[in-house]
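Close look at the chain arrangement
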Amino acid sequence: MHLARVIGRVVATRRITGLDGEKLLVVRPVDERGEDAGATLVACDAADSGLGDLVHVCDGRESTLALKESFVPVDATIVGHVEEFAVDRDVAAGAGGVADVLPGDDAPQGGERTRAGTTTGDDALPADGPRTGRATRDHGTDPAR
Amino acid sequence: MFIGKVVGTVVSTVKDEKVVNLKFQVVQELDEQAQPRDKYVVAADTIGAGQGDLVLFSQGSSARQTTLTDGRPIDAAIFAVIDSWDVAGTLVYQKEGLETTRWDPKET
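So, here's what we can say about the structure. (Residues numbered from 1 in each chain as written. Chains lettered and ligands numbered in written order. Predicted model: local features only at pLDDT ≥ 70, side-chain atom pairs only at ≥ 80, totals over all residues. Heavy atoms only, no water.)

**A look at the overall build of chain A**
Formally: The secondary structure listing takes helices from DSSP runs of H or I that are at least 4 residues long and strands from runs of E that are at least 2 residues long, numbered from the N terminus. The buried label goes to any residue with under 20% of its type's maximum accessible area, the exposed label to any with over 50%, and the partly exposed label to all in between, with areas taken from a 1.4 Å probe on protein chains only. Residues are treated as being in contact if the distance between any of their heavy atoms lies within 4.5 Å. Each accessible area value is a Shrake-Rupley result obtained with a 1.4 Å probe; residue values ignore everything except the protein chains displayed when judging cover.
Looking only at helices and strands, chain A has 2 helices and 8 strands in total. Counting helices and strands in the order they occur from the N terminus, chain A gives β-β-β-β-β-β-β-α-α-β. The proportion of buried residues among the 145 residues of chain A is 46%. The long-range fraction of contacts in chain A, counting pairs at least 24 apart against all pairs at least 6 apart in sequence, stands at 58%. Carbon and sulfur atoms make up 50% of the accessible area of chain A, which amounts to about 7200 Å² in all.

What follows is the structure, encoded as C-alpha cells:
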C-alpha cells in the first residue's frame, strides 16, 4: 500500500461488467513527507473519498478484495482515509538516511544508526514536532458526510 | 490502473493457443493532464475499444480477472473507455459527442 492524494475523478460509462457503480478517482502518490512521489494513477474507491483527501491505496490483485465484485481487472483501490501520519526520523535514518535532509535536527551527530529503532516517543522527534501529513478535509463538520 | 490512448493494434499469427481469439491493442500511457508518457504496453482488449479511444487499463495479475482473460498469459487488459475526467475540478478531457455530468467538487 502507499499514500496518495485524490486529485480528480474519471467518468467511464462503457466499462467491464462487475465494475458497475464503482467510483474511479485520479490519485497522485505521496512520499513520507507528504510530497508528490511518482506517476499519477487511477484507483477504484472503496472508502467514499473526495477531491483533496489523503488516502492509502492498495495495489495489485488484492485491491479487488475491497470491491463489491472481486473478479474484476482492478489493480489499485483506495481502502482508507489518512487523518494523520508521522515518520520517526531516527528509525527512518536507520532504514535509508532520511534524517540527513530533515530540518530541526538537534540530535547528537553520528549516532543515528545505533539509535535506530530504540529511540521512540517525543524525544526522537524534531523540535517542530513529528513529520506529519494531515487530511485537508474536516470530516467532523462536513455536512455531506 | 493508468489512463492510456489506443494507438495501434497487434496482429500475430504464430502464438500460444491460450491467446487465440484475443484482440491486442498498443496503448500509450497518459498522465493526468492527458500528456503522453514515453511508455507503451500491449494490452488485451476486453470491451472493444477503438483506435484513438482513451481507456483505462490494468496491469499484473489483475488483468486476468475477466472472463476473457481468465487463465490466460495476459498481464495487461483494457477494461473501460473513458468519457471524461477532471483534475482539481477542471475538465481535462471529454470524449467528443458525449454530454456527461460535470463533477462539482463543492457537492462532494
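Structure's up, so let's keep going.
**A short note on the interface of chain A and chain B**
Frequently, the measure chosen for interface size is the accessible area removed from exposure when the parts meet. Note the following rule: By definition, the buried area sums, over both parts, the 1.4 Å-probe accessible area that each loses when the two are put together. Any carboxyl oxygen of Asp or Glu within 4 Å of a side-chain nitrogen of Lys or Arg constitutes a salt bridge here.
Opposite the 33 residues of chain A that make contact, chain B presents 38 residues. Approximately 2900 Å² of surface area, both sides summed, lies buried where chain A meets chain B, with 56% of it carried by carbon and sulfur atoms. The largest contributions to the chain A side of the interface with chain B come from A:Arg9, A:Arg14 and A:Arg61, which together make up 24% of the buried area. One can count 1 salt bridge joining chain A with chain B. The salt bridge involving A:Arg28 is made with B:Glu32; its shortest N-O contact spans 3.5 Å.

**Section: the side chain of B:Gln25**
Looking at the secondary structure, you find B:Gln25 in strand β2 (residues 24-30). Setting aside residues up to four positions removed in sequence, B:Gln25 forms contacts with B:Val6, B:Gly8, B:Thr9, B:Val41, B:Val42, B:Ala43, B:Asp45, B:Ala49 and B:Ile78.

**Thoughts on the nonpolar core**
Put simply, the rule reads: As used here, the term nonpolar core means buried Ala, Val, Leu, Ile, Met, Phe, Trp, Tyr and Cys residues forming a set that is joined through side-chain atoms within 4.5 Å.
Formed by 46 residues in total, the largest nonpolar core has its most connected members in A:Ile78, B:Leu56, B:Ile78 and B:Trp85. Looking at this core element by element, the count peaks at 5 residues for strand β5 (residues 76-81) of chain B. Setting aside chain neighbours within four positions, we find B:Trp85 in contact with A:Arg9, A:Val10, A:Val26, B:Ile3, B:Asp31, B:Glu32, B:Ala34, B:Leu54, B:Thr90, B:Leu91, B:Val92 and B:Tyr93.

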